[in-house]
Structure formats: structure tokens, C-alpha cells
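Structure assessment
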Amino acid sequence: MNPTLRQMRAFVALARTGSFTLAAEYLHVTQAALSGLIKELETTLAIRVVDRSTRRIALSDVGRELYPLFSKIIDDLDGALLDIVNHTQLKKGVVRVAAPQLMACTLLPQVIAAYRSAYPDIQVRLVDCAVEHVTPRVVSGEVDLGIGPERDGTAQVNATVLFEMPFVMVYPRGHPLEQRARLTWSDLSDYPFISLQGQFTERLLSDMHSALREVPLNPANEVTFMTTALAMVSAGLGVTVCLPYAEPLVRLHQLNMRQLYEPELTRRFFVYRRENRSLSPAAESFIAFLFSFVEAHDWNIPAADAGVAAHL
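The structure displayed is predicted, hence computed values, not measured ones.

Bringing the nonpolar core into the picture now. Of all hydrophobic cores here, the largest spans 58 residues; its most connected members are Val95, Met103, Phe163, Tyr245 and Phe286. Among the elements that line this core, the one with the most residues is helix α11 (residues 281–296), at seven residues. Filtering out sequence-adjacent residues up to four positions away, Met103 remains in contact with Leu108, Pro109, Ile147, Phe163, Tyr245 and Phe269. Ranked by size, the runner-up nonpolar core spans 21 residues in total, among them Met8, Val12, Leu14 and Leu45.

This is the structure:
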């Protein structure tokens, strides 16, 4: 005893309109087809659900009991199907993104604002966290995707390169470094170097050695966040290095940044997503938008200060 969806739709339409003619028009079928579906339903249930007369139709006692049940099934199913359509057409959805603190207060707000302008019905929830917490949040399912620098391979996570950028030195305006036509890593030894704790400095040292360059890199101060390092540079306490995507914050502190050479070191950032897990249409569209935004963005990485360049 398994009524089909078509039979239930026919019965609900007939019960709501009270007319074979109106119900057939509502379902875009002929009256004969509608009548056939009602007869099939009654045969399946082995009981009459509609009492017919020459003037009108009325639900039988069993029909009156079935109507709210079938009506709820149809309404719930139609609501679920509409919800799926809204998701696939990007009229509904939530995207959860994890990113390191510096990226969360520079690049990501710009990307999210541009994405929301294109897809106003999609919510993007940004989770700012320590670098080492990005991939664990992806693995746990707390976020749909994570964005962060290259790290040792993590099981259950797929990584796709988002961009590769050179390191830049950051210093106050009017600093003596402005007079140098080209900045090298050895220039760091002339001024207090404000670095980040942990893997940031460790990986820099590793990159230096792999480039066969013996450059002294002895931080005068190591802090937890790049925002702190930039504030200290702004206060005249030293210089620091970062990546060009931090430009909005560098500008906010009225600092200069220039690319570093000898060696020319770069850092790659990745989009991390959980392995063998299908993302929602909203999350997939955000990832595609992110890659397009980064590709089209002008990172404005100066090799020399404007004043120096003018005299070269």
C-alpha cells in the first residue's frame, strides 16, 4: 500500500479546489488523467477517498483523514525542493571561511564585500584565527574552507595554491631606507627587526639557508601578530617584513613597503578544503570568486620609493 507522489498531488489538489476541473487546471493535466490518478489512489488504498455526485465532490471520511497528512507531505517536499533550487541558484546559503588574523583584517574583507555585492543573498562568515588553527577547523568541519600559508601536509585536507608573493620590507616614511635604490635582506641587520613568533621566523631562516645565503636574521623583538609588528614600526621601534596583501594595513599605519632581494623570497598561500567532501554551491562559488579576485587584483609592490626612483 504505497501511494505515489502523483496520486497524492492529485488528491490534495482535488481536496483544495473541490472540483475536478479546477484541480486539473492547477496540475496542468486533463480531467480524465486526474480522475485516473484518483481511481489509482483508491485502488491502492482499497477504499474510496472521494464521494462523487453529478453536482459536486466531497471527501469521504477516510479522505478527510488523509488530506492533512498528504497535504503536509506535499508542502514539506515542495519546500525542500525550493530550498535546494535556491541553494543551486545562489539565492540562499552560508559560506564559512577560516583565515589568519592578518589576512582576515586586510584581503578577506575586500573579497567578502565584493562577493556580497554580486551575491547579496549568500552569507559569508569569517573566522579569524591563528595560522596553525586554519586547517584543523577545516578538518573538523567547523568551516567550509580555510586560507593560509603553506604548511606541512595534513591528512584529510586538499590544498590549492591561491597566490605566491614576494616578501616586502615595511618601514616608516622618512626612514633612511628610502634613500636606497634596492633593499636586500642584509639591510635588516642595520635596524631593529620586529618579527613574528614561531614558524614565521623559522621558515624564513630555512628559506635563507636553502637559497645558500648567509644573511643574519636576529629579531630584536618577536610578537604574536603582524598588526602588533606594524604598530611598533609605526612608532619608530624598528622595521618588519610581511607580504603585499597586508597593504591596506600598511597604508593605515602610514608606512612604506618595498620588495626585498638577495635572495628574493616568496611565500605561497593556499585554499584548504576537506578531502572527499562536496561543498555547497555557495562555497564553490565563493572559492571561484576568490581566485578571480586575487588574479585581477593589483598588489602594488614597489621595488623602490618614488623619490628614489625619480633620481635613478
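A cis amide bond, omega 0°, links Glu262 with the succeeding residue Pro263. Residue position: Pro263 is located in the loop between β12 (255–261) and β13 (266–274). Residue Gln254 is not a glycine yet carries a positive backbone phi of 55°. Inspection of the secondary structure assignment puts Gln254 in the loop between α10 (247–252) and β12. The phi angle at Glu262 is positive, at roughly 50°, despite the residue not being glycine. Locating Glu262 in the fold gives a position in the loop between β12 and β13. The exposure class of Glu262 is partly exposed, given its relative accessible area of 43%.

The next subject is the packing of helix α1 (residues 5–17) against helix α2 (residues 20–27). As a packed pair, α1 and α2 sit with axes 8 Å apart at the nearest point and diverge in direction by 130°. As summarised for this structure, α1 and α2 are arranged oblique, according to the angle between their axes. Considering how the two elements wind past one another, α1 and α2 form a crossing that is right-handed. Of the residues in α2, those touching α1 at Arg9, Ala10, Ala13, Leu14 and Thr17 are Phe20, Leu22, Ala23, Tyr26 and Leu27. Looking at the contact of α1 with α2 residue by residue, the class counts come to eight nonpolar, one polar and one charged.

Next up on the list: the confidence of the model for the protein. Per-residue confidence for the protein averages 85 on the pLDDT scale, and 85% of its residues sit at or above 70. Here helix α12 (residues 306–310) stands out as the least confident element of the protein, with mean pLDDT 48; strand β7 (residues 168–172) is the most confident, with 95.

Enumeration over the complete set of coordinates arrives at nine aromatic pairs. Between Tyr115 and Tyr119, the ring centres sit 4.9 Å apart and the planes meet at 40°, which makes this aromatic pair tilted. Note on Tyr115: relative accessible area 0%, which makes it buried. For Tyr119, a relative accessible area of 28% corresponds to the partly exposed category. Here the aromatic cluster, defined as three or more aromatic residues joined through ring pairs, consists of Tyr115, Tyr119, Phe286 and Phe289. Its guanidinium or amino end placed over the ring of Tyr261, Arg182 lies 4.0 Å from that ring's centre, counting from NZ or CZ.

All right, on to the sheet that holds strand β6 (residues 157–166) then. If you walk across this open sheet you meet the five strands as β4-β3-β5-β13-β6, and the pairing is mixed. Here the strands that pair on one side only, and so sit at the sheet edges, are β4 (123–129) and β6. Pairs of neighbouring strands in the sheet enclose a mean axial angle of 20°, with direction left out of account. As judged from the two bridges shared by strand β3 (residues 94–100) and strand β5 (residues 145–149), these two strands associate in the parallel manner. Among the inter-strand pairings, Val97 is bridged to a residue of β5, identified as Leu145. Where helix α6 (residues 107–118) meets the sheet, its contacts fall on β3, β4, β5 and β6, and the angle it forms with β4 comes to roughly 175°. Each of β3, β4, β5, β6 and β13 touches α11; the most contacted strand, β6, lies at about 20° to it.

Glancing now at the environment of Phe293. Residue position: Phe293 is located in helix α11. Taking the C-alpha atoms as reference points, Phe293 and Tyr115, separated by 178 residues in sequence, lie 9.2 Å from one another. When neighbours within four sequence positions are excluded, Phe293 is seen to be in contact with Leu107, Gln110, Val111 and Ala114.

Moving on, we come to the pattern of salt bridges. Close approach of charged atoms allows side chains of opposite charge to pair. What the rule picks out here adds up to 13 salt bridges. Residues Glu247 and Arg251 are paired through a salt bridge, measuring 3.2 Å at the closest nitrogen-oxygen approach. Of this pair, Glu247 and Arg251 both sit in helix α10, four residues apart, which is roughly one turn of that helix. Looking at Glu247, the relative accessible area reads 12%, which means it is buried. Salt bridges linked by common partners bring Arg96, Asp144 and Arg277 together as one network.

Rules used in this analysis
Residues numbered from 1 in each chain as written. Predicted model: local features only at pLDDT ≥ 70, side-chain atom pairs only at ≥ 80, totals over all residues. Heavy atoms only, no water. Core = buried A, V, L, I, M, F, W, Y, C linked by side-chain atoms within 4.5 Å. Buried < 20%, exposed > 50% of the residue type's maximum accessible area, 1.4 Å probe, protein only. Helix = DSSP H or I, 4+ residues; strand = E, 2+ residues; numbered from the N terminus. Contact = heavy atoms within 4.5 Å. Axes fitted to C-alpha atoms, helices over the stretch in contact; angles between N-to-C directions. Parallel < 35°, antiparallel > 145°, perpendicular 65-115°, else oblique. Left-handed = near helix turned anticlockwise from the far one by under 90°. Nonpolar A, V, L, I, M, F, W, Y, C, P; charged D, E, K, R; others polar. pLDDT = per-residue confidence, 0-100. Phe/Tyr/Trp six-rings, centres within 6.5 Å; stacked < 30°, edge-to-face > 60°. Lys NZ or Arg CZ within 6 Å of the ring centre and 35° of its normal. Pairing = 2+ DSSP bridges. Salt bridge = Lys/Arg side-chain N within 4 Å of Asp/Glu carboxyl O.

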